[in-house]
Amino acid sequence: MAEDGALDFMKGFQDAEKVAHYSDGPRRFVPGLEAVHRMTGLLLAERVPDDGRVLVLGAGGGLELKALAEAHPGWTFVGVDPAAEMLALAERTLGPLMERVELVQGYIDDAPAGPFDGATCLLTLHFLDAEERCRTAAAIRERLHPGAPFVAVHGSFPQERGERRLWLSRYAAFAVSSGVDPALAENARDSVDRAVNMFTPEQDETILRAAGFAELSLFYAAFTWRGWVGTA
(Lines give C-alpha, C1' and ligand atoms only; values in the text may rest on other atoms or scores of the structure.)
Protein backbone atom coordinates (compact mmCIF):
# COMPACT_ATOMS: atom_id res chain seq x y z
CA MET A 1 0.00 0.00 0.00
CA ALA A 2 1.06 3.65 0.04
CA GLU A 3 3.75 4.96 2.34
CA ASP A 4 2.79 6.20 5.81
CA GLY A 5 2.65 9.85 4.74
CA ALA A 6 0.23 9.12 1.93
CA LEU A 7 -1.91 7.05 4.28
CA ASP A 8 -2.09 10.02 6.65
CA PHE A 9 -3.08 12.26 3.73
CA MET A 10 -5.84 9.81 2.80
CA LYS A 11 -7.34 9.87 6.31
CA GLY A 12 -9.14 13.05 5.26
CA PHE A 13 -11.33 10.92 3.00
CA GLN A 14 -12.69 9.18 6.11
CA ASP A 15 -13.55 12.43 7.89
CA ALA A 16 -17.30 13.04 7.49
CA GLU A 17 -16.98 16.83 7.82
CA LYS A 18 -14.22 17.06 5.19
CA VAL A 19 -16.00 14.63 2.88
CA ALA A 20 -19.16 16.77 3.03
CA HIS A 21 -17.20 19.54 1.26
CA TYR A 22 -15.23 17.24 -1.06
CA SER A 23 -17.09 17.73 -4.34
CA ASP A 24 -16.00 21.33 -4.84
CA GLY A 25 -12.34 20.63 -4.03
CA PRO A 26 -11.21 18.64 -7.09
CA ARG A 27 -12.70 21.21 -9.46
CA ARG A 28 -10.58 23.92 -7.87
CA PHE A 29 -7.34 21.94 -7.81
CA VAL A 30 -7.58 20.03 -11.11
CA PRO A 31 -7.73 22.22 -14.24
CA GLY A 32 -10.65 21.30 -16.47
CA LEU A 33 -11.95 18.45 -14.31
CA GLU A 34 -15.33 18.34 -16.04
CA ALA A 35 -13.54 18.13 -19.40
CA VAL A 36 -11.38 15.32 -18.02
CA HIS A 37 -14.55 13.38 -17.20
CA ARG A 38 -15.94 14.03 -20.70
CA MET A 39 -12.70 12.99 -22.36
CA THR A 40 -12.56 9.87 -20.23
CA GLY A 41 -16.02 8.87 -21.42
CA LEU A 42 -15.12 9.53 -25.05
CA LEU A 43 -11.91 7.52 -24.81
CA LEU A 44 -13.68 4.59 -23.17
CA ALA A 45 -16.48 4.72 -25.75
CA GLU A 46 -13.98 4.07 -28.56
CA ARG A 47 -13.90 0.42 -27.39
CA VAL A 48 -16.56 -0.07 -24.70
CA PRO A 49 -19.84 -1.39 -26.19
CA ASP A 50 -23.14 0.39 -25.60
CA ASP A 51 -24.02 -2.14 -22.88
CA GLY A 52 -20.51 -2.26 -21.44
CA ARG A 53 -19.43 -2.83 -17.84
CA VAL A 54 -16.81 -0.40 -16.50
CA LEU A 55 -14.56 -0.64 -13.44
CA VAL A 56 -13.89 2.65 -11.61
CA LEU A 57 -11.09 2.46 -9.05
CA GLY A 58 -10.99 5.35 -6.61
CA ALA A 59 -14.71 5.99 -7.10
CA GLY A 60 -15.36 7.78 -3.81
CA GLY A 61 -17.32 10.99 -4.23
CA GLY A 62 -18.95 9.71 -7.41
CA LEU A 63 -18.02 12.62 -9.67
CA GLU A 64 -16.67 10.56 -12.57
CA LEU A 65 -19.29 7.86 -12.06
CA LYS A 66 -22.04 10.45 -12.41
CA ALA A 67 -20.48 11.99 -15.52
CA LEU A 68 -19.94 8.62 -17.19
CA ALA A 69 -23.36 7.25 -16.25
CA GLU A 70 -25.16 10.34 -17.57
CA ALA A 71 -23.25 10.33 -20.85
CA HIS A 72 -23.55 6.58 -21.46
CA PRO A 73 -26.96 5.36 -20.30
CA GLY A 74 -26.33 1.74 -21.36
CA TRP A 75 -23.20 1.25 -19.28
CA THR A 76 -23.09 -0.34 -15.83
CA PHE A 77 -20.34 0.28 -13.30
CA VAL A 78 -18.48 -1.16 -10.35
CA GLY A 79 -16.96 1.60 -8.22
CA VAL A 80 -14.26 0.71 -5.69
CA ASP A 81 -12.92 2.92 -2.90
CA PRO A 82 -11.44 2.23 0.57
CA ALA A 83 -13.29 5.07 2.34
CA ALA A 84 -16.84 4.37 3.51
CA GLU A 85 -17.63 8.09 3.87
CA MET A 86 -16.56 8.72 0.28
CA LEU A 87 -18.71 5.85 -0.98
CA ALA A 88 -21.66 7.26 0.93
CA LEU A 89 -21.04 10.59 -0.81
CA ALA A 90 -20.88 8.78 -4.16
CA GLU A 91 -24.28 7.22 -3.46
CA ARG A 92 -25.76 10.64 -2.69
CA THR A 93 -24.10 12.16 -5.77
CA LEU A 94 -25.44 9.45 -8.06
CA GLY A 95 -29.03 9.43 -6.79
CA PRO A 96 -31.21 7.42 -9.21
CA LEU A 97 -28.14 6.52 -11.30
CA MET A 98 -27.22 4.11 -8.51
CA GLU A 99 -29.44 1.50 -10.17
CA ARG A 100 -26.57 0.98 -12.66
CA VAL A 101 -23.74 1.15 -10.12
CA GLU A 102 -22.33 -1.34 -7.63
CA LEU A 103 -20.13 0.22 -4.94
CA VAL A 104 -17.42 -1.85 -3.24
CA GLN A 105 -15.46 -0.73 -0.19
CA GLY A 106 -11.82 -1.74 -0.50
CA TYR A 107 -8.89 -1.74 -2.86
CA ILE A 108 -8.30 -3.32 -6.27
CA ASP A 109 -8.05 -6.81 -4.75
CA ASP A 110 -11.62 -6.40 -3.49
CA ALA A 111 -12.95 -5.66 -7.00
CA PRO A 112 -14.80 -8.37 -8.92
CA ALA A 113 -12.65 -10.44 -11.27
CA GLY A 114 -14.51 -9.16 -14.32
CA PRO A 115 -13.75 -9.24 -17.14
CA PHE A 116 -14.72 -5.60 -17.60
CA ASP A 117 -15.09 -3.73 -20.89
CA GLY A 118 -13.11 -0.74 -19.62
CA ALA A 119 -11.65 0.84 -16.48
CA THR A 120 -10.67 4.19 -15.01
CA CYS A 121 -8.47 5.32 -12.14
CA LEU A 122 -8.74 9.09 -11.71
CA LEU A 123 -6.89 11.16 -9.08
CA THR A 124 -5.86 7.98 -7.23
CA LEU A 125 -2.64 6.29 -8.32
CA HIS A 126 -0.46 9.07 -6.91
CA PHE A 127 -1.32 7.79 -3.42
CA LEU A 128 0.65 4.60 -4.14
CA ASP A 129 4.40 4.06 -4.24
CA ALA A 130 5.96 2.73 -7.42
CA GLU A 131 5.74 -0.96 -6.52
CA GLU A 132 2.13 -0.81 -5.34
CA ARG A 133 1.17 1.45 -8.24
CA CYS A 134 2.47 -1.11 -10.72
CA ARG A 135 0.80 -3.99 -8.86
CA THR A 136 -2.52 -2.13 -8.74
CA ALA A 137 -2.39 -1.21 -12.43
CA ALA A 138 -1.56 -4.82 -13.31
CA ALA A 139 -4.52 -6.01 -11.24
CA ILE A 140 -6.77 -3.62 -13.16
CA ARG A 141 -5.43 -4.98 -16.46
CA GLU A 142 -6.09 -8.55 -15.32
CA ARG A 143 -9.75 -7.64 -14.83
CA LEU A 144 -10.18 -6.32 -18.38
CA HIS A 145 -11.07 -8.01 -21.65
CA PRO A 146 -8.06 -8.10 -23.99
CA GLY A 147 -7.93 -4.78 -25.82
CA ALA A 148 -10.24 -3.04 -23.35
CA PRO A 149 -9.39 0.63 -22.62
CA PHE A 150 -7.96 1.99 -19.38
CA VAL A 151 -7.86 5.70 -18.47
CA ALA A 152 -5.60 6.97 -15.67
CA VAL A 153 -5.25 10.57 -14.47
CA HIS A 154 -3.14 11.61 -11.49
CA GLY A 155 -0.44 13.96 -10.26
CA SER A 156 2.69 13.64 -12.41
CA PHE A 157 5.26 16.36 -13.07
CA PRO A 158 9.04 17.05 -13.16
CA GLN A 159 10.74 15.98 -9.94
CA GLU A 160 14.13 17.68 -10.05
CA ARG A 161 14.34 19.71 -6.84
CA GLY A 162 13.96 23.17 -8.36
CA GLU A 163 11.33 22.09 -10.88
CA ARG A 164 9.32 20.19 -8.28
CA ARG A 165 9.13 23.26 -6.06
CA LEU A 166 8.10 25.45 -9.00
CA TRP A 167 5.34 23.10 -10.16
CA LEU A 168 3.97 22.67 -6.66
CA SER A 169 3.81 26.46 -6.35
CA ARG A 170 1.84 26.55 -9.61
CA TYR A 171 -0.47 23.85 -8.22
CA ALA A 172 -1.24 26.10 -5.24
CA ALA A 173 -1.53 29.24 -7.39
CA PHE A 174 -4.11 27.58 -9.63
CA ALA A 175 -6.17 26.61 -6.59
CA VAL A 176 -6.06 30.19 -5.28
CA SER A 177 -7.10 31.51 -8.70
CA SER A 178 -10.06 29.09 -8.52
CA GLY A 179 -11.25 30.52 -5.22
CA VAL A 180 -9.41 28.40 -2.64
CA ASP A 181 -8.27 30.26 0.47
CA PRO A 182 -4.52 30.92 0.09
CA ALA A 183 -3.70 29.34 3.44
CA LEU A 184 -5.63 26.18 2.51
CA ALA A 185 -3.94 26.04 -0.89
CA GLU A 186 -0.52 26.37 0.71
CA ASN A 187 -1.38 23.64 3.21
CA ALA A 188 -2.45 21.39 0.31
CA ARG A 189 0.81 22.14 -1.49
CA ASP A 190 2.82 21.21 1.60
CA SER A 191 0.79 18.03 2.09
CA VAL A 192 1.38 16.92 -1.49
CA ASP A 193 5.08 17.73 -1.20
CA ARG A 194 5.42 15.80 2.05
CA ALA A 195 3.02 12.91 1.78
CA VAL A 196 2.00 12.01 -1.76
CA ASN A 197 4.01 9.81 -4.14
CA MET A 198 4.81 11.84 -7.24
CA PHE A 199 6.86 10.75 -10.23
CA THR A 200 7.78 12.25 -13.57
CA PRO A 201 5.46 11.59 -16.53
CA GLU A 202 8.16 9.37 -18.02
CA GLN A 203 8.32 7.26 -14.85
CA ASP A 204 4.54 7.01 -14.70
CA GLU A 205 4.32 5.81 -18.28
CA THR A 206 7.03 3.24 -17.58
CA ILE A 207 4.99 1.93 -14.63
CA LEU A 208 1.85 1.60 -16.77
CA ARG A 209 3.78 -0.26 -19.45
CA ALA A 210 5.32 -2.57 -16.85
CA ALA A 211 1.78 -3.30 -15.62
CA GLY A 212 0.99 -4.64 -19.08
CA PHE A 213 -0.83 -1.76 -20.76
CA ALA A 214 -0.19 -1.16 -24.46
CA GLU A 215 -0.93 1.63 -26.95
CA LEU A 216 -0.36 4.22 -24.21
CA SER A 217 -1.04 7.82 -25.17
CA LEU A 218 -0.88 11.00 -23.13
CA PHE A 219 -4.21 12.76 -23.63
CA TYR A 220 -4.21 15.32 -20.81
CA ALA A 221 -1.54 17.59 -19.33
CA ALA A 222 -2.37 20.51 -17.07
CA PHE A 223 0.12 21.93 -14.58
CA THR A 224 0.88 19.06 -12.14
CA TRP A 225 -1.61 16.60 -13.69
CA ARG A 226 -1.26 14.04 -16.47
CA GLY A 227 -3.68 11.56 -18.04
CA TRP A 228 -3.07 8.47 -20.17
CA VAL A 229 -5.22 6.07 -22.15
CA GLY A 230 -4.05 2.55 -22.94
CA THR A 231 -5.35 -0.92 -23.68
CA ALA A 232 -5.20 -4.22 -21.84
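Residues numbered from 1 in each chain as written. Predicted model: local features only at pLDDT ≥ 70, side-chain atom pairs only at ≥ 80, totals over all residues. Heavy atoms only, no water.

- Per an unreviewed UniProt entry, the protein carries the name Methyltransferase type 12 and comes from Rhizorhabdus wittichii.

1. Here's the deal with the overall build of the protein
- Counting secondary structure elements, the protein contains 10 helices and seven strands.
- Buried positions account for 53% of the 232 residues belonging to the protein.
- Considering only contacts in the protein between residues 6 or more positions apart, those separated by 24 or more positions represent 75%.
- Of the accessible surface of the protein, which amounts to about 10,400 Å², a share of 51% is contributed by carbon and sulfur atoms. (Helix = DSSP H or I, 4+ residues; strand = E, 2+ residues; numbered from the N terminus. Buried < 20%, exposed > 50% of the residue type's maximum accessible area, 1.4 Å probe, protein only. Contact = heavy atoms within 4.5 Å. Areas by Shrake-Rupley, 256 points an atom, 1.4 Å probe, with all protein chains shown as cover.)

2. Looking at the side chain of histidine 72
- Structurally, the position occupied by histidine 72 is in the loop between helix H5 (63-71) and strand E2 (76-81).
- Excluding residues that lie within four positions of it along the chain, histidine 72 makes contacts with Gly41, Ala45 and Arg100.

3. Focus: the packing of helix H7 (residues 130-142) against helix H10 (residues 201-210)
- The N-to-C vectors of H7 and H10 enclose an angle of 45 degrees; their axes lie 8 Å apart at closest approach. Considered as vectors, H7 and H10 are oriented oblique to each other. The way H7 lies across H10 gives a crossing that is right-handed. Only Asp204, Ile207, Leu208 and Ala210 of H10 make contact with H7, whose side of the interface consists of Ala130, Arg133, Cys134 and Ala137. (Axes fitted to C-alpha atoms, helices over the stretch in contact; angles between N-to-C directions. Parallel < 35°, antiparallel > 145°, perpendicular 65-115°, else oblique. Left-handed = near helix turned anticlockwise from the far one by under 90°.)

4. Topic: unusual backbone geometry
- For the peptide bond that leads from glycine 114 to proline 115, omega is 5 degrees, which places it in the cis range.
- With respect to the helices and strands, proline 115 occurs in the loop between strand E3 (101-105) and strand E4 (118-122).
- The phi dihedral of glutamate 215 is positive, around 55 degrees, even though this residue is not glycine.
- In this structure, glutamate 215 sits in strand E6 (residues 214-222).
- For glutamate 215, a relative accessible area of 54% translates into the label exposed.
- With phi around 55 degrees, phenylalanine 223 is a residue other than glycine that occupies positive phi space.
- Locating phenylalanine 223 in the fold gives a position in the loop between E6 and strand E7 (225-231).

5. A look at the sheet that holds strand E5 (residues 149-155)
- Sheet architecture is open: seven strands sit in the order E3-E2-E1-E4-E5-E7-E6, paired in mixed fashion. Of all strands in the sheet, those bounded by a partner on one side alone are E3 and E6. Put simply, the sheet's adjacent strands are angled 15 degrees from each other on average, direction ignored.
- As paired strands, E6 and E7 are joined by six bridges and run antiparallel to one another. The residue of E7 that forms the bridge with tyrosine 220 is glycine 227.
- With respect to the sheet, helix H6 (residues 84-94) is in contact with E2 and E3, its orientation differing from that of E3 by roughly 170 degrees.
- Where H10 meets the sheet, it contacts E5, E6 and E7, and its direction lies at approximately 25 degrees from that of E7. (Pairing = 2+ DSSP bridges.)

6. Let's talk about the side chain of arginine 100
- Along the chain, arginine 100 turns up in the loop between H6 and E3.
- One buried charge, arginine 100, has no salt-bridge partner; the nearest side chain with opposite charge is glutamate 99, at 5.2 Å.
- In terms of polar contacts, arginine 100 uses its side chain to reach the backbone carbonyl oxygen of histidine 72, at 3.2 Å.
- Apart from residues lying up to four places away in sequence, arginine 100 is in contact with Ala69, His72, Pro73, Gly74, Trp75, Thr76 and Phe77. (Lys, Arg positive; Asp, Glu negative; His and termini not counted. Salt bridge = Lys/Arg side-chain N within 4 Å of Asp/Glu carboxyl O. Polar contact = N/O pair within 3.5 Å; in protein donor to acceptor, adjacent residues only side chain to side chain.)

7. Focus on the pattern of salt bridges
- By the definition in use, this model includes 10 salt bridges.
- Put simply, glutamate 70 and lysine 66 hold a salt bridge, and the shortest N to O gap is 2.8 Å. Here lysine 66 and glutamate 70 lie together in helix H5, a separation of four residues that amounts to about one turn.
- Overall, the relative accessible area of 48% leaves glutamate 70 in the partly exposed class.
- For glutamate 205, the salt bridge is made with arginine 209, and the minimal N-O distance between the two is 2.8 Å. Taken as a pair, glutamate 205 and arginine 209 lie in helix H10 at a separation of four residues, close to a single helical turn.
- For glutamate 205, a relative accessible area of 24% translates into the label partly exposed.
- Of the residues examined, arginine 209 reaches a relative accessible area of 42% and is grouped as partly exposed.
- In the salt-bridge network here, residues are joined through shared partners; they are Asp109, Glu132 and Arg135.

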